[in-house]
Amino acid sequence: MTISFDLTGKTAIVTGANTGLGQGIAAALAGAGATVALVGRSSMSETEAAIAAMGGKSFSIKADLSSIAPVGEIISETIRMAGSADILVNNAGIIKRADSLDFTEADWDAVMDVNLKTVFFLSQAFARHLVAENKPGKIINIASLLSFQGGIRIPSYTASKSGLAGLTRLLACEWASKGINVNAIAPGYFDTNNTEALRNDPDRNAAILARIPAGHWGQPEEIGGAAVFLASSASNYIHGTVLPVDGGWLAR
């Protein structure tokens, strides 16, 4: 039996692809042959250049994912530019840090809107397109270790990522029969903007590194293989899984 990780002819939408994990995932999908729609409110020029340097194809769609307003346009623009939309990676996310006693409603709502609400409605719009075209597709949500654990000082982030794990399972149950795979990747501690505060805190940095069996913070390119696997036909019988890519953190 031949197992294929080839994404040639597929179009992938990756949100929050300007830097960090989104950039690593977008580059990996492009390297596997997909055309990648890079979505976010910041410039995607660095990611576009990296993909072009490897001979891949990408284009950018500017969108503020703090509301669901651009959801329809993201799908329609992707189809207009590439002719199809086959893979959706819900990577964009934000984090707010404060003690739970001091956490504000504004910070709660901001995180939940980007990390959970927009993810659902973008997934819905994407799935509606697939169903209307009677074609299969792949949705990959970017969850977190906080989908499994509580953490500290990030109540809305933990709530959103725990909710995202549940949403992944629910959508898998509803859409598997339609040929749509819905799964998630739960990154461990990666070297990204979201973890800068932790890496800059000597005590927290040392404590985190001491627990990671792999012995180092993850690099964005180290998440790409999992994304390619879940986006490819190799994962066709996988539905509703939250796959940790954590250097062994949860095994410790």
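Now for a quick tour of the structure.

About the criteria used
Residues numbered from 1 in each chain as written. Predicted model: local features only at pLDDT ≥ 70, side-chain atom pairs only at ≥ 80, totals over all residues. Heavy atoms only, no water. Helix = DSSP H or I, 4+ residues; strand = E, 2+ residues; numbered from the N terminus. Rg over C-alpha atoms; globule rule 2.2 N^0.38 Å. Buried < 20%, exposed > 50% of the residue type's maximum accessible area, 1.4 Å probe, protein only. Lys, Arg positive; Asp, Glu negative; His and termini not counted. Charge placed at Lys NZ, Arg CZ, Asp CG, Glu CD. 1 Å grid on protein atoms, 1.4 Å probe; cavity = no way out; pocket = protein on both sides within 12 Å on 5 of 7 lines; lining within 4 Å. Points joined across faces, edges and corners; volume = space filled by probe spheres on them. Nonpolar A, V, L, I, M, F, W, Y, C, P; charged D, E, K, R; others polar. Core = buried A, V, L, I, M, F, W, Y, C linked by side-chain atoms within 4.5 Å. Axes fitted to C-alpha atoms, helices over the stretch in contact; angles between N-to-C directions. Parallel < 35°, antiparallel > 145°, perpendicular 65-115°, else oblique. Left-handed = near helix turned anticlockwise from the far one by under 90°. Contact = heavy atoms within 4.5 Å. Salt bridge = Lys/Arg side-chain N within 4 Å of Asp/Glu carboxyl O. Phe/Tyr/Trp six-rings, centres within 6.5 Å; stacked < 30°, edge-to-face > 60°.

Some points on the overall build of the chain
- Helix and strand counts for the chain stand at 8 helices and 7 strands.
- On C-alpha atoms alone, the chain measures out to a radius of gyration of 17 Å, which is about the 18 Å that the 2.2 N^0.38 rule sets for 252 residues.
- Along the first, second and third principal axes, the C-alpha set of the chain runs to 50 × 40 × 35 Å.
- Every one of the 252 residues in the chain was classed for burial, and the buried ones make up 49%.
- For the chain, the separation between the mean place of its 19 positive charges and that of its 22 negative charges on side chains is 5 Å.

Observations regarding empty space enclosed by the protein
- Overall, the coordinates contain 1 cavity of 30 Å³ or more when judged by the stated rule.
- The computed volume of the largest cavity comes to approximately 50 Å³.
- Around the largest cavity, the lining residues are Thr 15, Leu 65, Asn 90, Ala 92, Val 114, Thr 118, Val 119 and Leu 122.
- A per-element tally of the lining of the largest cavity places helix H4 (residues 105–133) first, with 4 residues.
- Looking at the lining of the largest cavity residue by residue, the classes come out as 5 nonpolar, 3 polar and no charged.

What about the nonpolar core?
- If you look at the biggest cluster of nonpolar residues, it comprises 29 residues, and the most contacted ones within it are Ile 13, Ile 74, Phe 126, Ile 139, Trp 175, Ile 180 and Val 182.
- Here this core gets 8 residues from one element, more than from any other, and that element is H4.
- Residues Ala 17, Ala 30, Val 36 and Ile 51 belong to the second largest nonpolar core, which totals 28 residues.

Digging into the packing of helix H3 (residues 71–82) against H4
- At a minimum axis distance of 9 Å, the contact between H3 and H4 shows a crossing angle of 40 degrees. Here H3 is positioned oblique relative to H4, judged by the angle of their axes. Between H3 and H4 lies a crossing of right-handed hand. Of H4, the residues touching H3 (which contributes Val 71, Ile 74, Ile 75 and Ile 79) are Thr 118, Phe 121, Leu 122, Ala 125, Phe 126 and His 129.
- Tallied by class, residues from the contact of H3 with H4 come to 8 nonpolar, 2 polar and no charged.

Side note on the pattern of salt bridges
- Under the counting rule described, the total for this entry stands at 5 salt bridges.
- We note a salt bridge from Glu 77 to Arg 80, for which the minimum N-O separation is 2.8 Å. Of this pair, Glu 77 and Arg 80 both sit in helix H3, 3 residues apart, roughly one helical turn.
- Note that Arg 199 is salt-bridged to Asp 191, the shortest N-O span being 3.1 Å.

Quick notes on the packing of aromatic side chains
- Taken as a whole and assessed by the stated rule, the structure comprises 4 aromatic pairs.
- Measuring from ring centre to ring centre gives 6.3 Å for Phe 5 and Phe 229, while their planes differ by 45 degrees; the resulting arrangement is tilted. One end of the pair, Phe 5, is in the segment before strand S1 (11–15); the other, Phe 229, is in helix H8 (residues 224–231), and 224 residues separate them in sequence.
- Among the residues examined, Phe 229 registers a relative accessible area of 27% and is labelled partly exposed.
- Feature note: the residues Tyr 189, Trp 217 and Trp 249 constitute an aromatic cluster, connected by ring pairs.

Considering unusual backbone geometry
- For Asn 134, which is not a glycine, the phi torsion comes out positive at approximately 55 degrees.
- Inspection of the secondary structure assignment puts Asn 134 in the loop between H4 and strand S5 (137–142).
- Here Asn 134 falls in the exposed class, since its relative accessible area comes to 72%.
- Notably, Arg 153 is not glycine yet its phi reads approximately 65 degrees, a positive angle.
- On the secondary structure map, Arg 153 appears in the loop between S5 and helix H5 (155–175).

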